[in-house]
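# Examining the three-dimensional arrangement
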Amino acid sequence: MQKLIETIVKPLVDYPEDVRVEKDENASRIVYKLFVNPEDRGKVIGKQGRVAKAIRTIVYSASGHQKKKTYVDILD
Amino acid sequence: MKQITQTGATKEEAIALALQKLGVSRKQVEIEVLQEAKKGFLGFGARPAEVRVTIIEEVTEEKEKGQEKLAEDGTPEEVKASIEPQSEQSNDEEVQEEEQPDPIESAVQYLTNIAKAMDIHDLKIETEKEGKTILFKLESEKAALIIGKRGANLNALQQLTQLVVNKTAKSYVTVRLDVENYRERRQLALEQLAERMADKAIRTGKKVALEPMPSYERKIIHNALANRLDVETYSEGVEPNRHLVIEPVK
C-alpha cells in the first residue's frame, strides 16, 4: 500500500526524492502518513483538496478488503 | 482500418478537419454522422456536430457516389479554404511536441504503475488524441476496481493523470479515461435516469434532487432535459457536493 501511494504521488511533485510514506497501525485503524517537500504540499492537496481526495479515493478502494479503517494524512 | 471521431461547429467543418488529420481525400473515407450540430437556445443545449470517419482500403463505385452526394449537399468551397490554414498550424504543433519527452507515454506509464500497485496486471491502454483532448481507453479483467463506485476511481485516476500529463505537456490538455465503454454506458444510464426523474417531478408536482455528480455528468442530464418544456433543471450546492435539481414548470 505504501508503494501505491508513492506511485501515485511521485510523478505529481517537483521533489519526488522527498516523498515518504509511513504506516501507523493500531487496533482499529491504519494511518498512512504522507510526507512531501513543503513546496509540494499544495500539489498533493490541490484546489479545495481535490487531489488529496482523488488519492484517498484510490487508496481506500485498494484497501477496501481489510477490516480496519484506512486513513491517508498529508504531513510535512 | 483507421478511424477517427471528430467534432466541429458544423457537420462540414468536422468532416474537413477529420480529412485533414487523416491526410486523405473524401473519396477514400466513409463518413458517418454521429450527431448533427444544434444551435441551442442562448448557448444552452448547443451541441457540436460529430462525425466518424473511417479510411476504406478500396473505393467501390457505390461508396464513391455516396461520398460525392455528400460533398454536393454539404461543403461550400470557402469552408474548406477557411479551415486548411488552421489545420496546418496544428500539424506543426504536433511535430514540435514529438521532440519533447512524450506526455502521453509518461501518462501510460503512470497508469500502468498505479494499476500494478492495485494488483491489476492485465491492464491494456490505447490512446487517441483529438485536438486538446487525449482519450485513454483501458481494458482489464478487473474493470470494476478501476471504475469504482459510480466511477469514483475512474474520475480520480482521470484527474491525477491529467495533472501528470500537464506537468510535461507544453500546452494545456484535457485527459479522458474510459474503461470498456463505461462512459458511454454511464451516459445512457444518466439519460434514462433524467427522463425517469423528470417524469417523477411531473407526477408528484415537486422538485426532485439528484445525488451529487461531477460537472460533465450534470451536463449530460441538463442536455437530456433541455428539450423538455415541462421541467426546469439547475444545480445547487458547492463542489464536490453540487447536485442537480429537476423542477416541474407550473
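What you see is a predicted model; the values in this text were computed from it and never measured.

Moving on, we come to empty space enclosed by the protein. Residue and element names in this part refer to chain B. Tallied over the entire structure, the rule returns 1 cavity of 30 Å³ or more. What the largest cavity holds in volume is close to 50 Å³. When residues in the lining of the largest cavity are grouped by element, the largest group, 3 residues, is from helix 4 (residues 103-117). Split by residue class, the lining of the largest cavity holds 9 nonpolar, no polar and no charged.

Listed as interface residues are 16 residues of chain A and, on the opposing side, 16 residues of chain B. Taking both partners together, chain A and chain B bury about 1,400 Å²; carbon and sulfur atoms supply 74% of that area. The three residues of chain A that bury the most area against chain B are Thr7, Leu12 and Ile58 of chain A, which together make up 30% of that side's buried surface. At the boundary of chain A with chain B, the tally comes to 1 salt bridge. Asp14 of chain A is the salt-bridge partner of Lys167 of chain B, the closest N and O atoms lying 3.1 Å from each other. Remark: the boundary between chain A and chain B carries 4 residue pairs in polar contact (both at pLDDT 80 or more). Breaking the side of chain A that touches chain B down by element, the ones donating at least two residues are helix 1 (2-9) and helix 3 (50-62) of chain A. Looking at which element gives the most residues to the side of chain A that touches chain B, the answer is helix 3 of chain A, with 9 residues.

Turning our eyes to something else, we now look at the sheet that holds strand 2 (residues 29-35) of chain A. Sheet strands line up and pair through hydrogen bonds in the backbone, either parallel or antiparallel. Residue and element names in this part refer to chain A. Read across the open sheet, the 3 strands follow the order 1-2-3; overall the sheet is mixed. The open sheet is flanked by strand 1 (20-25) and strand 3 (69-75), the only strands paired with a single partner. Mean inter-strand twist for the sheet, computed between neighbouring axes without regard to direction, equals 20 degrees. In this sheet, strand 2 lies alongside strand 1 in antiparallel orientation, the contact comprising 6 bridges. Across the sheet, residue Val21 finds its bridge partner in strand 2, namely Leu34.

Parameters at a glance
Residues numbered from 1 in each chain as written. Chains lettered and ligands numbered in written order. Predicted model: local features only at pLDDT ≥ 70, side-chain atom pairs only at ≥ 80, totals over all residues. Heavy atoms only, no water. 1 Å grid on protein atoms, 1.4 Å probe; cavity = no way out; pocket = protein on both sides within 12 Å on 5 of 7 lines; lining within 4 Å. Points joined across faces, edges and corners; volume = space filled by probe spheres on them. Helix = DSSP H or I, 4+ residues; strand = E, 2+ residues; numbered from the N terminus. Nonpolar A, V, L, I, M, F, W, Y, C, P; charged D, E, K, R; others polar. Contact = heavy atoms within 4.5 Å. Buried area = accessible area lost by both parts, 1.4 Å probe. Salt bridge = Lys/Arg side-chain N within 4 Å of Asp/Glu carboxyl O. Polar contact = N/O pair within 3.5 Å; in protein donor to acceptor, adjacent residues only side chain to side chain. Pairing = 2+ DSSP bridges. Axes fitted to C-alpha atoms, helices over the stretch in contact; angles between N-to-C directions.

The quantities given are spatial measurements derived from coordinates; they are silent on function.
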